[in-house]
Amino acid sequence: MVNSDGVQSTTEVSKAGNVSLSSGQERDLLCALSYLHLACGQRAQSVALLRLIVRNNSRDVDLLRILAYALISEGLGDEALPILDRLDTLDDDPSSRIPLMLLRSHALRQAGRMDEARAVFQNYVSLRAGTVLNDQQSEGLHDQRPA
């Protein structure tokens, strides 16, 4: 089927209820809806929508980040941990490491793995403090201008 924008789009539902999305617009719409559900406190609905999308976009880093956050906010730390593991292998953006570490700490805490959660959180705090100090030092260097 071709939609009004001239984009080929098909959505198929199997007998098992699996949804197959073939349009980026459908994916974006479901992401937006899941984000709205999450923002309105309807975390379970957000997780359900995200799970539909992730089946076909399991390498989509942005989508996996949202899913991990939604699972943690729903109290499903055990389910968020494999998503965070996948993000560790897929996400090569260095600026993502520290926020993902905080998410992992929350997921481990929810999964009842308190010693691991504390260790990851302490590592997060150390790295975060180092980042803040580095940012402050580089700002100080920029402020020292010759007269």
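Look above for the structure.
An account of the accompanying structure is given in this report. (Residues numbered from 1 in each chain as written. Predicted model: local features only at pLDDT ≥ 70, side-chain atom pairs only at ≥ 80, totals over all residues. Heavy atoms only, no water.)

**Notes on the overall build of the protein**
Heads up, the rule is: Numbering goes from the N terminus for both helices and strands, where a helix is a DSSP run of H or I of at least four residues and a strand is a run of E of at least two. Residues count as neighbours in contact if any of their non-hydrogen atoms are within 4.5 Å of one another. Computed by Shrake-Rupley with a 1.4 Å probe, the accessible areas treat only the displayed protein chains as cover when residues are assessed.
The number of helices and strands found in the protein is six helices and two strands. When the helices and strands of the protein are read in sequence order from the N terminus, they spell out β-β-α-α-α-α-α-α. For the protein, restricting intrachain contacts to residue pairs at least 6 apart in sequence, the fraction spanning at least 24 positions comes to 38%. Accessible area of the protein: about 9,400 Å², with a carbon and sulfur share of 54%.

**Concerning the packing of aromatic side chains**
So the rule is basically this: Two rings belonging to Phe, Tyr or Trp (six-membered ring only in the last case) form a pair when the distance between their centres is within 6.5 Å. Interplanar angles under 30 degrees mark stacking, angles over 60 mark edge-to-face geometry, and anything in between is tilted. Each residue is assigned to one of three classes by its accessible area relative to the maximum for its type, calculated with a 1.4 Å probe on protein chains only: buried under 20%, partly exposed between the two thresholds, exposed over 50%.
Throughout the structure, instances matching the rule amount to one aromatic pair. Centroid distance F121 to Y124: 5.8 Å. Interplanar angle 35 degrees. Geometry classified as tilted. Of this pair, F121 and Y124 both sit in helix 6 (residues 114–143), separated by three residues, roughly a single helical turn. Judged by its relative accessible area of 36%, F121 is partly exposed.

**Overview of the packing of helix 4 (residues 77–90) against helix 5 (residues 97–110)**
Rules: Every axis in this analysis is a line fitted to C-alpha atoms, fitted for helices over the stretch in contact. Angles between the N-to-C directions lie between 0 and 180 degrees. Roughly parallel covers angles under 35 degrees, roughly antiparallel covers those over 145, roughly perpendicular covers 65 to 115, and oblique covers all other angles. Note on convention: the crossing is left-handed when the near helix lies turned anticlockwise from the far helix by less than a right angle, right-handed when the turn is clockwise. In this classification, Asp, Glu, Lys and Arg are treated as charged, Ala, Val, Leu, Ile, Met, Phe, Trp, Tyr, Cys and Pro as nonpolar, and every other residue, Gly included, as polar.
Running from N to C, helix 4 and helix 5 point in directions that differ by 155 degrees, and their axes come no closer than 8 Å. If you check the angle between helix 4 and helix 5, you find them roughly antiparallel. The way helix 4 lies across helix 5 gives a crossing that is left-handed. Here G77, A80, L81, L84, D85, L87 and D88 of helix 4 lie close against helix 5, whose contacting residues are R97, L100, L103, R104, A107, L108 and Q110. A class-by-class count of the residues in the contact of helix 4 with helix 5 yields eight nonpolar, two polar and four charged.

**Topic: the nonpolar core**
Stated formally: Grouping buried Ala, Val, Leu, Ile, Met, Phe, Trp, Tyr and Cys residues that are joined through side-chain atoms within 4.5 Å yields what is termed a nonpolar core.
I83, L84 and L87 are the most contacted members of the largest nonpolar core, which totals 31 residues. Contributing elements (two or more residues each) for this core: helix 1 (24–39), helix 2 (43–54), helix 3 (61–73), helix 4, helix 5 and helix 6. When residues of this core are assigned to their parent elements, the largest contribution, eight residues, is made by helix 3. Discounting residues that sit within four places of it in the chain, L84 has contacts with A68, I72, L100, L103, R104 and A107.

**Notes on the environment of A32**
Mapped onto the elements of the fold, A32 is located in helix 1. With 18 residues separating them along the chain, A32 and L50 place their C-alpha atoms 9.9 Å apart.

**Some words on the pattern of salt bridges**
Note the following rule: Just to be clear on terms, a salt bridge is a Lys or Arg side-chain nitrogen sitting within 4 Å of an Asp or Glu carboxyl oxygen.
What the rule picks out here adds up to nine salt bridges. When the shortest N-O distance is used, the salt bridge between D91 and R65 registers 2.9 Å. With D91 in the loop between helix 4 and helix 5 and R65 in helix 3, this pair connects stretches of sequence that are 26 residues apart. On the basis of relative accessibility, which here comes to 4%, the residue D91 falls in the buried class.

**Overview of helix 5**
This is how it is decided: How far a helix is expected to stretch is found by multiplying one less than its residue total by 1.5 Å.
Its 14 residues give helix 5 an end-to-end C-alpha distance of 20 Å, which sits within 8% of 20 Å, the value for a rise of 1.5 Å per residue. By the burial criterion, the buried members of helix 5 are I98, L100, M101, L103, R104, S105, A107 and L108. Among the residues trailing helix 5, G112 stands out with phi positive, at a value near 80 degrees.

**Describing the side chain of S46**
If you trace the backbone, S46 turns up in helix 2. Residue S46 is classed as buried on the basis of its relative accessible area of 0%.

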